[in-house]
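# What the coordinates show
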Amino acid sequence: MASKFWTQAGASDSDEEEEQSEYEDEIEDAGGDPSAADAKNRYLRATDTDSDDDDGQKRVVKSAKDKRFDEMTSTLEQIKNAMKINDWVSLLESFDKINKQLEKVMRVTEAVKVPNLYIKSLVMLEDFLNQAMANKEAKKKMSTSNAKALNSMKQKLKKNNKQYEELINKYREKPESEEEADDDEDEDADDDESDTFAEDVNAMSDEDEEEDDGKDDDQAEGEGGWEKMMSKKEKLMDKQFMKDPSEISWDVVNKKFKEVVAARGRKGTGRFEQVEQLTFLTKVAKTPAQKLEILFSVVSAQFDVNPGLNGHMPINVWKKCVVNMLVILDIVFQHRNIVVDDMVEPEENETQKGADHEGPVRVWGNLVAFLERIDVEFFKSLQSTDPHTREYVDRLQDEPMFLVLAQNVQEYLERGGDYKAAAKVALRRVELVYYKPQEVYDAMRKLSEQTEGGDNGDDKAEESRGPPAFVVVPEVVARKPTFPESSRTMMDMLVSLIYKHGDDRTKARAMLCDIYHHALLDEFSIARDLLLMSHLQDNIQHLDISTQILFNRAMAQLGLCAFRVGLITEGHGCLSELYSGGRVKELLAQGVSQSRYHEKTPEQERLERRRQMPYHMHINLELLEAVHLICAMLLEVPNMAANTHDSRRRLISKTFRRLLDISERQTFTGPPENVRDHVMAATRALTKGDFTKSFEVIQSLDIWRLLKNKEGVLEMLKSKIKEEALRTYLLTYSLSYNSMSLEQLMNMFDLSRAQTHSVVSKMMINEELYASWDQPTECVVFNDVEYSRLQGLAFQLTEKLSVLAESNERAMESGGGGGMDLPMRRREGQDYANAGGGGGKWQDNYNQQGGRQGGGGGRSGGYGGGGRSGQGGGRGGYNRGSQVRGGGSRYQDSSAYGGARRTASSAVRGSQMDGSTRMVSLNRGGHP
Amino acid sequence: MATYDLTPRIAPNLDRHLVFPLLEFLQEQQMYPDEEILKAKIELLNKTNMVDYAMDIHKSLYRTEDVPQDMIERRVEVVARLKSLEESAAPLVAFLQNPSAVQELRADKQYNLQMLNDRYQIGPDQIEALYQYAKFQFECGNYSGAADYLYQYRALCTNSERSLSALWGKLAAEVLMQNWVVAVEELNRLKEIIDSKSFSSPLNQVQSRIWLMHWSLFIFFNHDNDKTQIIDLFNQDKYLNAIQTSAPHLLRYLATAFIINKRRRSQFKDFIRVIQQEQHSYKDPITEFLACVFVNYDFDGAQKKMKECEEVEDGNGSTMPLRDEFLKNARLFILETYCRIHQRIDMGVLAGKLNMDYEDAERWIVKRIRNSELDAKIDTETGTVIMEPNHPNVYEQLIEHTKSLSGRTYKLASQLMEQSPAQAAR
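Worth saying up front: this structure is predicted, and the values here are computed from it rather than measured.

The subject of this paragraph is the overall build of chain B. The helix and strand tally for chain B stands at 22 helices and three strands. Contacts in chain B between residues at least 24 apart in sequence constitute 60% of all its contacts with a sequence separation of at least 6. Of the roughly 20500 Å² that chain B leaves accessible, carbon and sulfur atoms contribute 49%.

Have a look at this one:
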């Protein structure tokens, strides 16, 4: 459009030299201004090819010249349209019209030369005509009127073109230079030199608006425009070469920069263009500070390229953005006096201070925010890429690029003493590393060493195309990330920084990553201690959703880790929560699970999709499910055997029991297909004490190949299965035997003597099994403890009484508010008992109470009680069924996973209890 | 033997001066070469002001009469500093040594300060000097002097931070002078402060607790009747937490205390769990012994561990005096658990398990049975011990269960009563 108002001026080709001298004049007149104008023109021109075609309907006030000119343009448009539909009739009309208009234009402008636009249309028509004539078949198909028009057109054009033959040939030779000449003429025509700039600015904004129209109309057109502009830009750079660099001063660049920035976000500002414009400005920036300032704007403009929250930044832009950030770092590392700050608005001419300026130079900018944004974009791009494609892998390989950037930013911040921000950056790094096992980490390290060389080469090539920048920035900061040998050292280094300086959220996230990573490396106890010490379980539901997801992931990994190291109860404790709601996918953000009862609004769905983990970070769900179910099986099968008579009483894993019920209800059981079937088949075998079959079924699962030390884990699993089979067997059949030899048991379950002895002894001590050893013969002798009906009822009565007392106490507690000096531990025990399913827990309570309050009292006999009294003499069974897995086992699962840290134990226990509320509910919190 | 030595792990949590007794003990035990210990001693002394002592050690270590120049210089320096401190603290010291003047002090701290300021011209500066002087005395090894001054300083000091460190100093001095009774008092005072004081950071608090526990080892294992106190202290939730997080080696001492005090059964079960949890971070024969007996029921293993425990106890300065008691109780532990799960045991095997010969074992068991500590009979014909079957009476059980109920109801009722007048008043 700008060109529109320039081209009207004259139709003749003015020579370049004159134009050049014009420039020089200007320079003399207005100091630094011309170069700015020059720059501007360049941009203007960059768009004129496509903007020429749209017309400036928006312009309200138009000069006569303009009007004429606009008419001509619209006619040209009509011609184009007609050409598209092969409509020769209207083409002929338009041709006549444009000829008439030409006369008018010539009259108004008093020019000798024919406007360029006209020539263009002629050339276009001619080409089209030749094409149409060549296509005989199409010609035949034409309607009569159309064919007629074509013929007459052919003759008219021939006649007409003869007049302008010279110009046409010239145009054909170099259409571009023609246009350039046009531009030059503008300046020529503008008599008033000083006005040029004001008008330029107007033109600029006009251009913006129209550009916007174009964009709105047709996105593709915009894209095309961008490409063209690129080529233009290069050409312009050539031009820049010819100019003396010294002509460009700080003021010029600054002014231009302000202009471009002011256009940001305005309707119609081409996002890509702005990036280009700014990138160019960085090359001509005069001082490092200015360059820095402009670079910051480039980066922000690059962020702007991607509209909306859902899409991600184009990958090439992302890469350029990273490179820009690195250059920024180069500058700030090299010029130590430059302070990057986003708190205060720097002075107007702050960036004028040169490289040799003493004292601090303030530049607005926030490196951390930029870095975080880059990370987010990276994450988003991975989210939206199909993980099974090459693209995804390629994208993943950009990770070291980000890591090096983060590393440098962190270094910079640490040097500046801004540890708080450094902690934030460190967290970003942690979040890229924490889920990587050592092998993956090594692979990344190697990759980063290899690829960096190639990348650098690319960058250089790109650089060399442009003119040499005024402020040459040597690569000060490392372009290669430095990784410590093991991922653990890296994690330790980063998290210790975060723990020291980070804010609460950063610390919590880092802690979770740390836990995850420890769990990944099979360091269960460390991970568990970290979890319990950090008290994250208590307040995780107050944190944001993505942290909650991270928490769930850490818990899942912790569960897997516990399983790998053979801690079945702990593993089950960690995983059961995740599986209690059947929404494990959602909880881990690894896919959307459909809920039957709860329709999600589109808004919720979108939010959920945004939270999804990229594929490479996923925890294998099959493995997770297998581990969960196997843990549940190992705990539940003996439990079921112990409580055959009142199965409703104690459930260790509700999920598992439900699945088992379902599979038992089936009339036919086919061979196992999925993970669940396998575990169910194994369970059936284990209930019968058939440990070999049980193990074989589980072994046949192919998920085990995902484990690092598959053999070790399977070996562990086998021995666990054997032990549980032994326990199940004893619990189920002890009633039928009077005694059983150790030898026999050993052979039956293929266990060592010590192991068998230990397992049986444990059961005796825990009073799951009413038996004792006969040492000389090495036999287990079973004692029969049977109660009469009346006695059984009496026990039930006492049980109910204690429940009553308990509920009274609780009512008192909640109603009266405080004041209860009941021991904390006991209260927990009660809660637990309650959550566990109502009654039946009195024994435990009794134990707790005895343990806490009674101290040694009542069993001062200790030893005298026949050895048994030591562990709670009164606890003799009243009913074998419910007694067998008494306090002991509950102790195990409530405390083994958590009991250690007493202060934290309640939290853990609590979280085991009401998993549904503790576990993060994504939907409920869906509107952050 | 040296493998189970905890000195390197304990020492960092002690005051320099407190490490000396440990090193002395190690020297006696000949666990490490003499030279190493002497070097360690010099190392220790370098930071203290006991330069003369350091010189002596240096002489005996290198068997020379020459003393390094820096030691001599340091000695001069120390003496000079002592002089200057003495001077600045002189007015207050003089005042404190005058019994009639001391009589004038009252319980009111503010009044005392005022009075000192008005009548003796003793201001905060002098009081501060007293602290420095006391500290210097301590550094020089004059513990009794330091203890006295610190005591008086605490009476006058207003700065709580200073007061706390003075208390630590006092405790160290008392421990080094082996005034166990006073030391226990100081210990409790310190514990109160640590527990009540809102520390700047929880980390700090944990660290203080750990120090306190380490220092208390000296007291508890040397002072009579205090083996239960160590359980009281260590087994508190906060302290147990501190042990688990930062100083798992202290579990050994707690385990020892538990084995010796069999009265503490109720807490013992919890403690076993702790040991189980901490197996990954710390184990030594004593905790392993407990794990064998109470977790794995591996009696052969337990027996082995017991032998190892013996060695450990020999090499452990603070628990050494309790060795016999420890072994006796450990034996009892094994027997008790063993008997619980057996109905018939061969005497020979039992004797083996108890690390006794047959005769002794029989005598020992008979004694237990006579004291009705063991419900069993000996069958000499087959050479076995037969446990009396122990099935708790159903009625007893019922009574047990309901007994607690009435207590709880009473409590509930009384609380209700307490609360209702309060509410009525409102």
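Back to the text.
Moving on, we get to the confidence of the model for chain B. Residue and element names in this part refer to chain B. Here chain B shows a mean pLDDT of 77. Residues at 70 or above account for 90%. Mean pLDDT per element in chain B: helix α6 (residues 99–103) is the minimum at 69, and helix α21 (residues 358–370) is the maximum at 84. Interface confidence in the predicted complex, given as ipTM, is 0.72; pTM for the same model is 0.65.

Looking now at the confidence of the model for chain A. Low pLDDT means the predicted coordinates in that region are not meant to be read closely. All names here are of chain A. Mean pLDDT over chain A stands at 69; residues scoring 70 or higher make up 62%. For residues 452–468, every residue scores under 50 in pLDDT, and the model assigns this stretch 14 contacts once sequence neighbours within four places are set aside. Low pLDDT, under 50, characterises residues 817–928; the stretch is placed with 256 contacts to residues that sit more than four places away or in other chains.

With 304 residues, the main nonpolar core has Ile515(A), Phe563(A), Leu624(A), Trp704(A), Leu717(A), Phe289(B) and Leu290(B) as its most contacted residues. For this core, the leading source of residues is helix α30 (residues 621–642) of chain A, giving 15 residues. Residues Leu102(A), Leu125(A), Ala149(A) and Tyr171(A) belong to the second largest nonpolar core, which totals 34 residues.

Residues and elements named next belong to chain B. Mapped onto the fold, methionine 347 is located in helix α20 (residues 347–353). In this structure, the C-alpha to C-alpha distance between methionine 347 and isoleucine 365, residues 18 residues apart in sequence, is 9.6 Å. Apart from residues no more than four positions distant in its own chain, methionine 347 is found in contact with Tyr358, Ala361, Glu362, Ile365, Ile378, Gly383, Thr384 and Val385.

Quick look at the sheet that holds strand β3 (residues 384–387) of chain B now. What links the strands of a sheet is backbone hydrogen bonding, and the strands pair in either a parallel or an antiparallel sense. Strand order in the open sheet formed by six strands is β3(A)-β5(A)-β4(A)-β1(B)-β3(B)-β2(B), with mixed pairing between adjacent strands. Two strands lie at the open edges of the sheet, namely β3 (739–741) of chain A together with β2 (376–379) of chain B, each paired on one side alone. Across the sheet, the mean angle separating the axes of adjacent strands is 20° when strand polarity is ignored. As paired elements, β2(B) and β3(B) share four bridges and run antiparallel to each other. From the neighbouring strand, Ala376(B) faces β3(B), where its bridge partner is Met387(B). Docked against the sheet, helix α35 (residues 742–749) of chain A engages β3, β4 (771–774) and β5 (779–782) of chain A, running at close to 65° with respect to β3(A). Where α21(B) meets the sheet, its contacts fall on β2 and β3 of chain B, and the angle it forms with β2(B) comes to roughly 145°.

This part covers a nonpolar patch on the surface. Judged by side-chain polarity, Leu797(A), Leu801(A) and Leu804(A) come together as a nonpolar surface patch covering roughly 270 Å² of accessible area. Within the fold, Leu797(A) resides in helix α37 (residues 789–817).

Turning to the packing of aromatic side chains, a few remarks are in order. Residue and element names in this part refer to chain A. The tally for this structure, following the rule as stated, stands at 14 aromatic pairs over all chains. With centroids separated by 6.1 Å and ring planes inclined at 40°, the aromatic side chains of phenylalanine 691 and phenylalanine 749 adopt a geometry described as tilted. With phenylalanine 691 in helix α33 (residues 691–699) and phenylalanine 749 in helix α35, this pair connects stretches of sequence that are 58 residues apart. What makes phenylalanine 749 buried here is its relative accessible area of 2%. Counting every residue linked through ring pairs, the aromatic cluster contains Phe691, Tyr729, Tyr733 and Phe749. When the ring centre of tryptophan 318 is taken as reference, the NZ or CZ atom of arginine 395 above it lies at 4.2 Å.

The full count for this structure, using the stated rule, is 31 salt bridges over all chains. In this structure, the salt-bridge partner of Asp398(A) is Arg395(A), at a minimum N-O distance of 2.8 Å. In terms of burial, Asp398(A) and Arg395(A) fall into one category: buried. Glu724(A) is the partner of Arg727(A) in a salt bridge, and the nearest nitrogen-oxygen pair spans 3.1 Å. Within this pair, Arg727(A) and its partner Glu724(A) are both found in helix α34 (residues 710–733), separated by three residues, close to a single helical turn. Exposure remark for Arg727(A): the relative accessible area of 12% places this residue in the buried category. Among the charged side chains, a salt-bridge network with shared partners connects Lys170(B), Glu174(B), Glu186(B) and Arg189(B).

Analysis parameters
- Residues numbered from 1 in each chain as written.
- Chains lettered and ligands numbered in written order.
- Predicted model: local features only at pLDDT ≥ 70, side-chain atom pairs only at ≥ 80, totals over all residues.
- Heavy atoms only, no water.
- Helix = DSSP H or I, 4+ residues; strand = E, 2+ residues; numbered from the N terminus.
- Contact = heavy atoms within 4.5 Å.
- Areas by Shrake-Rupley, 256 points an atom, 1.4 Å probe, with all protein chains shown as cover.
- pLDDT = per-residue confidence, 0-100.
- Core = buried A, V, L, I, M, F, W, Y, C linked by side-chain atoms within 4.5 Å.
- Buried < 20%, exposed > 50% of the residue type's maximum accessible area, 1.4 Å probe, protein only.
- Pairing = 2+ DSSP bridges.
- Axes fitted to C-alpha atoms, helices over the stretch in contact; angles between N-to-C directions.
- Patch = residues over 30% accessible without salt bridge, like charges linked within 9 Å, V, L, I, M, F, W, Y side chains within 5 Å.
- Salt bridge = Lys/Arg side-chain N within 4 Å of Asp/Glu carboxyl O.
- Phe/Tyr/Trp six-rings, centres within 6.5 Å; stacked < 30°, edge-to-face > 60°.
- Lys NZ or Arg CZ within 6 Å of the ring centre and 35° of its normal.

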